[in-house]
Amino acid sequence: MFFIAWYNVSSNFDQLLADINLGLGVLSLILWLRTQFSNPGFIEKPREMDFLKLMQIVDPIQLCPDCLVIRTPRSRHCSTCNRCVERFDHHCPWINNCIGQQNHIYFIWFLISIFTTIGFIFGSTLYSLISMNRNDVTFITQNDLRYWILPIEITCNIMVKKIVSIFVLCITGFFLMPVLLLLYIQVRNFVANRTTNERFSRRP
Ligand SMILES: [Zn+2]
Ligand SMILES: [Zn+2]
């Protein structure tokens, strides 16, 4: 709702900027869903072999007592998912999934995309706030295409625009730095071929 309301107001100022923002927002949403619904690299149980048999063949230290699989050197057990994940990075509550070997790259692309989106919204809103003039009055009527997105007739005067713009600046400004920090940590880890878990874990 926030995004649609913001889109309606901003698109009255500059349709192109609003459309770019909408495109980036949709791209972030797709990458978020892609990361959420992908298999992070869950380690599967060996077929047709019970745990007691496994204990005789494999060193018990290598077996996960929680999900009963053979652990690998870079895997960790996620207590939220209750599964062992290959090259486990962390469990992300935003994504509601583990970040591991198979979806780490999607997660980084998601962070790049969301940072670009937030940064672009912040920049274009600031630009529109500075460039607003006093007589700028906007109407969204039933004939307008945007009426299909949010079926409310909007009479938007300069005061409303300014209040919405400042609100958008506060929200995006608040998230900009933490997302940038997270992106920086993730890219640094990725380049160094290390996981967040390995960097902060006390285990060797
Ligand atoms: Zn496990
Ligand atoms: Zn998890």
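Everything here concerns the structure above.
Just so you know, these numbers come straight off a predicted model, no measurement behind them.

**Student:** Sorry, what's going on with the pattern of salt bridges here?
**Tutor:** Side chains that carry opposite charge are capable of pairing whenever their charged atoms lie near each other. Enumeration according to the criterion identifies 2 salt bridges in this entry. Note that Arg83 and Glu44 form a salt bridge whose closest N and O atoms lie 3.5 Å from each other. Of this pair, Arg83 sits in strand S2 (residues 83-85) while Glu44 is found in the loop between helix H2 (15-36) and helix H3 (51-57), placing the two residues 39 residues apart along the sequence. A residue is classified by how much of its surface remains accessible, and Arg83, at 28% relative accessible area, is partly exposed.

**Student:** Is there a simple way to think about a nonpolar patch on the surface in this case?
**Tutor:** A contiguous nonpolar patch, built from Phe167, Ile171, Phe174 and Phe175 and spanning about 410 Å² of accessible area, is present on the exposed surface. According to the relative accessible area criterion, Ile171 is partly exposed, its value standing at 31%.

**Student:** Looking at this structure, I do not really get the coordination of the zinc ion (ligand 1). What am I missing?
**Tutor:** Geometry sets the ideal angles at a metal, namely 109.5 degrees for four tetrahedral donors and 90 or 180 degrees for six octahedral donors. Taken together, Cys64 (SG), Cys67 (SG), His77 (ND1) and Cys84 (SG) make up the full set of protein donors to the zinc ion (ligand 1), lying 2.0 to 2.3 Å away. In the primary structure, the donors to the zinc ion (ligand 1) are separated according to the pattern C-x2-C-x9-H-x6-C. Of the two residues, Cys64 is situated in the loop between H3 and strand S1 (76-78) and Cys84 in strand S2; the sequence distance between them amounts to 20 residues. By relative accessible area, which is 0% here, Cys84 ends up buried.

**Student:** Quick question: what am I supposed to make of the coordination of the zinc ion (ligand 2) here?
**Tutor:** At 2.0 to 2.3 Å from the zinc ion (ligand 2) lie its protein donor atoms, namely Cys78 (SG), Cys81 (SG), His91 (ND1) and Cys98 (SG). Between the 4 donor atoms coordinating the zinc ion (ligand 2), the angles at the centre fall across 101 to 118 degrees, so the site counts as tetrahedral. Mapped onto the sequence, the residues coordinating the zinc ion (ligand 2) show the spacing C-x2-C-x9-H-x6-C. You can see Cys81 sitting in the loop between S1 and S2 and its partner His91 sitting in strand S3 (residues 90-92), a full 10 residues away along the chain.

**Student:** What should I look at first to understand the environment of Ile163 in this one?
**Tutor:** Tracing the backbone shows Ile163 in helix H5 (residues 158-191). Sequence separation between Ile163 and Leu129 is 34 residues, and the spatial gap between their C-alpha atoms is 9.7 Å.

**Student:** I'm lost on unusual backbone geometry in this one. Help?
**Tutor:** With glycine set apart, most residues show a phi of negative sign, and most peptide bonds adopt trans. Of note, Asn96 is a non-glycine position whose phi angle comes to about 60 degrees, a positive value. Within the secondary structure, Asn96 sits in the loop between S3 and strand S4 (97-99). Taking the relative accessible area as the measure of exposure, Asn96 reaches 55% and is therefore exposed. Notably, Asn193 is not glycine yet its phi reads approximately 55 degrees, a positive angle. With respect to the secondary-structure elements, Asn193 resides in the loop between H5 and helix H6 (196-200). Overall, the relative accessible area of 46% leaves Asn193 in the partly exposed class.

Quick notes on the rules
Residues numbered from 1 in each chain as written. Chains lettered and ligands numbered in written order. Predicted model: local features only at pLDDT ≥ 70, side-chain atom pairs only at ≥ 80, totals over all residues. Heavy atoms only, no water. Salt bridge = Lys/Arg side-chain N within 4 Å of Asp/Glu carboxyl O. Helix = DSSP H or I, 4+ residues; strand = E, 2+ residues; numbered from the N terminus. Buried < 20%, exposed > 50% of the residue type's maximum accessible area, 1.4 Å probe, protein only. Patch = residues over 30% accessible without salt bridge, like charges linked within 9 Å, V, L, I, M, F, W, Y side chains within 5 Å. Areas by Shrake-Rupley, 256 points an atom, 1.4 Å probe, with all protein chains shown as cover. Donors = N, O, S within 2.8 Å, 3.2 Å for Na, K, Ca; no water. Tetrahedral: all angles 85-135°; square planar, octahedral: opposite > 155°, others 65-115°.

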